[in-house]
Structure formats: C-alpha cells, structure tokens
Amino acid sequence: MRTLVGLFTLLGVSRANWIQLEAGVQPYGAGRSSWVLHDKVPAEHSIELTVALRVDSDRHAALEKLFWEVSDPKHASYGKHLSMDEITQLLAVPDSRVDVVKHHFEQAGATTLVSPNKDMITVTMSASAAEMALNTSLAFFKHPERSHLRIVRASSHYSLPEHVAREVVMVGELLQFPHVSSIPVLQNLNPVASWPNECDAAGCKGLVTPAVIAQRYKLPKQSDAVPKNTMAVAEYQGQYYKDEDLSSFGKSCHRDVKVDKTIGGDEPVAGVEAELDIEYIKAVAPEIPLTVVYDNQYSLLNWVNQITSLADSPLVHSVSYGNDEKQQVSPQYMFTCNAAFMKAGARGLSILFASGDQGVCGRFGCGGTGTKHSPFHPDFPADSPYVTTVGGTDFKGSDIGEETAWSASGGGFSNYFGIPDYQKSAVAAYKASPDANLPPQELWNNSGRGYPDVAALG
C-alpha cells in the first residue's frame with residue numbers, strides 16, 4: 001500500500017500545503033455521538049463520497065434569484081422553470097475547476113462521476129486510497145439502536161492540497177453522523193375516535209385511515225391522471241418495503257397501493273416508516289406514478305445530488321427524514337444542500353420535508369443543568385427556506401373536524417437561515433399574537449426562518 005509520503009510526492013505537494021476542510025467541526029468523539037467506533041476500515045473496502053465543488057458567489061446569487069422568481073406566483077417568471085442544461089449554464093462551474101478536483105482523486109486511484117451541473121463529483125475508491133487522498137483515517141461506526149447498520153466515517157479531520165481545497169466546499173459524509181430513531185413499534189393503540197372504520201382490519205378502528213384523510217380534506221373518490229405528473233418518497237437505513245405488505249394494506253383499506261419504480265433497491269424487508277410513507281402517499285394520490293428512492297445510508301447530500309441529476313426526476317419529492325441543525329455539524333454541509341434544493345426548485349421540482357417529531361427540542365434534546373433550560377434545536381432540512389416543511393396535527397375532539405397542532409410536531413426558528421420574504425408578514429403576525437405564548441427569547445432565534453410551512457393530519 002502506498003504511504004501518505006508517497007502520495008504527497010506523487011502529487012508534488014508537502015503536508016504544509018494541505019488545507020483542512022470543515023475546520024470548525026470536531027472529529028468523532030464518543031461523548032458527543034450516539035454512534036460507536038467499531039473497527040478500522042479494511043484497506044480494500046470500497047467507499048463512495050460526494051465532493052461539493054465551489055460555485056462562484058455571483059453564480060450562486062443568480063441561482064437564488066431565479067429560484068425565488070420561478071417560485072413566486074406574483075412574479076412574471078413564475079413557473080418558467082429551467083432545464084438541466086440551463087442550470088448547468090447558469091452555475092458556469094469552470095472545466096478547469098472540475099479537472100483539478102478530478103485529477104487529484106483519480107491520481108489516488110478513484111473513479112469519478114461528474115454531476116450534470118458540474119458542481120458535484122462522486123468518487124469511488126478504496127478506503128486506503130481515500131485516506132491518502134484526504135489525509136485522514138476512516139473507521140466503521142455502529143449504532144446501538146440498529147445493530148445491523150454500519151457506516152464509514154472519518155475518525156479524524158480531513159484535508160486536501162491547497163490548490164484542490166480552494167476549489168472544494170466540502171466532502172460529504174466524512175464528519176456527519178445521521179440521527180437514528182428507534183424502530184417504531186405499533187402496539188397498545190387506544191384511540192378514542194368515534195368515526196366508522198372503513199378498512200377491513202379491526203385494528204384500524206379509530207385511527208387516521210385513508211378514508212379519514214379523504215373525508216377531512218374533501219379528496220375526490222376518483223380523479224384522472226395528469227400527464228407527466230410524478231412523485232417520489234425517499235427511504236434510508238434499511239427502511240424498505242414488501243409488495244405483499246402494500247397489497248395487504250391496499251386491499252384492507254380499499255386503495256390501489258403500488259410502487260411504480262424503485263431507484264437503489266434493497267433487500268425486500270418490511271420497514272414501518274417506509275411502508276407508511278408509500279401507503280399514505282398512494283392513498284392520497286393513487287393515479288400518480290410513485291418512485292421510491294432508496295439509499296442504505298442517510299445522506300441528504302447524496303440524495304439531492306441523485307434526484308437533481310436525473311433527467312426525468314419525479315416532480316414531487318416527499319421526505320420524512322431529517323436531523324437537527326446541531327447534528328449536521330457543518331454549516332458548509334447545510335449550505336451545500338440548500339444550493340441543491342435551489343437547483344431542484346429552479347427545475348420545477350417540489351421538495352417536502354417532515355418537520356420532525358421531537359417538538360422544539362429536536363433529536364438532540366433540551367436538557368439543561370439545574371433550573372437552566374438549554375436552547376431549542378431546529379431541524380434541518382425542515383428549517384431550510386428552499387423546501388416546503390410539513391408539520392403534524394391531531395383532531396381536537398373524537399370526530400372528524402377541527403384540528404390542533406400535534407404536541408410532538410417539530411417547529412421553531414432556524415439558527416442559520418433568515419426569515420425569507422414570503423413569510424415575513426406571517427411570522428410577524430404570529431409573534432405579535434397574544435395566543436403565541438412565546439418562550440424566553442434566549443431559547444430561540446428571533447430572526448430565523450420559521451417552520452413548518454403547513455401542517456396536516458399525521
């Protein structure tokens with residue numbers, strides 16, 4: 001195996017010429033993470049990383065301007081979406097920048113795939129080559145909640161040669177550790193609702209079934225498919241589906257539930273979260289073709305790079321996964337994802353994220369010391385201004401009628417992203433309302449983007 005010294009010699013640089021990326025991020029520490037360091041990654045183990053290239057600031061500003069214009073119903077450019085090639089021309093990432101980054105990783109033994117917009121490069125290489133190319137150490141990490149899951153992350157800082165580092169924003173999934181929720185267990189459900197059960201399964205009595213949603217939101221019993229309408233759900237971390245489960249749900253609740261296309265398939269094992277996503281999106285819109293986009297590891301960056309690289313990407317993407325801003329670790333990571341969300345919006349793709357289900361405290365929690373309460377932890381990407389965020393509600397009573405906010409639904413104000421123009425008046429009105437009952441100011445950011453945007457039965 002080549003040594004780091006050998007690689008530095010090959011690349012014509014010394015260690016002194018290497019620049020640490022995401023310098024404000026602490027590397028893995030057992031006391032700060034729910035993940036457990038498991039073992040060293042074997043030298044020959046293949047890994048895949050997403051390298052985010054720098055987009056010139058004027059081009060990034062042009063993308064954001066266009067995003068808001070095509071998204072604003074009051075603007076003359078509303079709905080005038082760009083093609084993938086037009087996005088590439090708008091970003092105008094120089095070929096010389098792409099070549100510098102490609103050359104560095106290919107010299108280390110990687111194969112590279114440049115995204116259609118030229119702002120991201122997927123590199124596939126052995127662990128030993130990645131360690132040399134990034135001047136870091138890689139390890140396997142496991143999680144107590146999901147013992148079968150294993151991810152590769154850097155156990156130390158990473159860096160690139162100076163001439164490469166100035167062309168790169170970050171390398172994804174080296175320092176970000178995803179949140180892993182407990183496996184849902186549906187038991188001891190004691191609903192007090194009085195509406196009739198229109199599913200054949202007795203266990204659905206009193207629950208929010210497709211028929212309840214249809215009645216509450218006045219959905220038509222049948223509608224014609226609109227040409228080119230498409231939708232997708234994103235699933236991760238072993239959350240997959242079985243066709244027989246979907247068929248059983250559809251038969252019981254009298255809905256046509258099927259997956260029309262799968263990208264990145266996995267073993268056909270049942271996952272409660274995945275099947276819930278699929279069953280209810282198809283129950284609401286059975287005539288629209290559904291794509292499942294699956295990745296064994298939770299990576300927003302990989303996912304959004306994937307969907308924005310598809311020539312025929314589904315028009316609506318529903319994602320029920322997220323993380324706290326604090327758990328994303330790096331502002332560079334969040335801002336890189338936001339740029340990709342803007343690309344999607346500029347092309348006419350709608351992205352809907354769940355607001356989370358840990359209230360204002362998020363997955364990180366709000367535990368303090370003594371009588372001191374820790375600040376709230378906003379959810380990302382729920383607090384991104386460039387996506388639509390959906391919260392959860394409950395019925396106020398035992399009938400299908402007026403709703404109230406679900407007590408555990410995520411919501412709050414971003415610590416990173418300001419209030420976008422489209423919600424300034426709504427946010428101001430909310431804060432001014434005597435019913436808002438706002439918490440102490442030191443716990444939340446008064447100038448941050450508010451979320452969720454909308455809420456519905458969950």
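Everything below is about the structure printed above this text.
Note that the coordinates shown come from a computational prediction; the quantities given were computed from them, not determined experimentally.

Trainee: I tried to follow the overall build of the chain on my own but got confused; where do I start?
Mentor: Looking only at helices and strands, the chain has 13 helices and 21 strands in total. The globule rule puts the C-alpha radius of gyration for 458 residues at 23 Å, and the 23 Å found for the chain is close to it. Seen along its three principal axes, the alpha-carbon backbone of the chain occupies a region of about 75 × 60 × 45 Å. In the chain, of all internal contacts separated by at least 6 residues, the share reaching a separation of at least 24 is 79%. Carbon and sulfur atoms form 53% of the exposed surface of the chain, whose accessible area is close to 21,900 Å². Between the averaged position of the 37 positive side-chain charges in the chain and that of its 51 negative side-chain charges there is a distance of 3 Å.

Trainee: Would you mind showing me how to read helix 12 (residues 331–346) here?
Mentor: Each full turn of the α-helix corresponds to 3.6 residues, which orients residues three or four apart in the same direction. Over its 16 residues, helix 12 runs 22 Å from end to end, which matches the ideal 22 Å to within 8%, given 1.5 Å per residue. The buried count for helix 12 comes to 13 of 16 residues, which makes it a mostly enclosed element.

Trainee: I tried to follow the sheet that holds strand 2 (residues 36–40) on my own but got confused; where do I start?
Mentor: In any sheet, the strands associate via hydrogen bonds between backbone groups, in a parallel or an antiparallel arrangement. Reading across from one edge, 2-6-7 is the order of the three strands in this open sheet, with antiparallel pairing throughout. Both outer strands of the open sheet, strand 2 and strand 7 (146–154), are each paired with one neighbouring strand and no more. When strand polarity is set aside, the average angle formed by the axes of neighbouring strands in this sheet is 35 degrees. Where strand 6 (residues 138–143) meets strand 7, six bridges bridge the pair, whose relative direction is antiparallel. Its bridge partner lying in strand 7, phenylalanine 140 is registered against valine 152.

Trainee: Help me out: how do you make sense of the packing of aromatic side chains in this one?
Mentor: Both the distance between ring centres and the angle between the ring planes are used here to describe each pair of aromatic rings. Following the criterion strictly, the structure yields 17 aromatic pairs and no others. Where phenylalanine 335 meets phenylalanine 417, the ring centres are 5.3 Å apart and the plane angle is 70 degrees; that geometry is what we call edge-to-face. Of the two residues, phenylalanine 335 sits in helix 12 while phenylalanine 417 sits in strand 19 (residues 412–418), which places them 82 residues apart along the sequence. Taking the relative accessible area as the measure of exposure, phenylalanine 417 reaches 5% and is therefore buried. Geometrically, the ring pair formed by phenylalanine 413 and tryptophan 444 is tilted, given 5.0 Å between the ring centres and 35 degrees between the ring planes. Of the two residues, phenylalanine 413 is situated in strand 19 and tryptophan 444 in the loop between helix 13 (424–432) and strand 20 (448–451); the sequence distance between them amounts to 31 residues. A relative accessible area of 13% places phenylalanine 413 in the buried class. The cationic tip of lysine 431 hangs over the ring face of phenylalanine 413; the distance from NZ or CZ to the ring centre is 5.1 Å.

Rules and cut-offs
Residues numbered from 1 in each chain as written. Predicted model: local features only at pLDDT ≥ 70, side-chain atom pairs only at ≥ 80, totals over all residues. Heavy atoms only, no water. Helix = DSSP H or I, 4+ residues; strand = E, 2+ residues; numbered from the N terminus. Rg over C-alpha atoms; globule rule 2.2 N^0.38 Å. Contact = heavy atoms within 4.5 Å. Areas by Shrake-Rupley, 256 points an atom, 1.4 Å probe, with all protein chains shown as cover. Lys, Arg positive; Asp, Glu negative; His and termini not counted. Charge placed at Lys NZ, Arg CZ, Asp CG, Glu CD. Expected span 1.5 Å × (residues − 1). Buried < 20%, exposed > 50% of the residue type's maximum accessible area, 1.4 Å probe, protein only. Pairing = 2+ DSSP bridges. Axes fitted to C-alpha atoms, helices over the stretch in contact; angles between N-to-C directions. Phe/Tyr/Trp six-rings, centres within 6.5 Å; stacked < 30°, edge-to-face > 60°. Lys NZ or Arg CZ within 6 Å of the ring centre and 35° of its normal.

Honestly, that's just the spatial picture; any functional story needs more than this.
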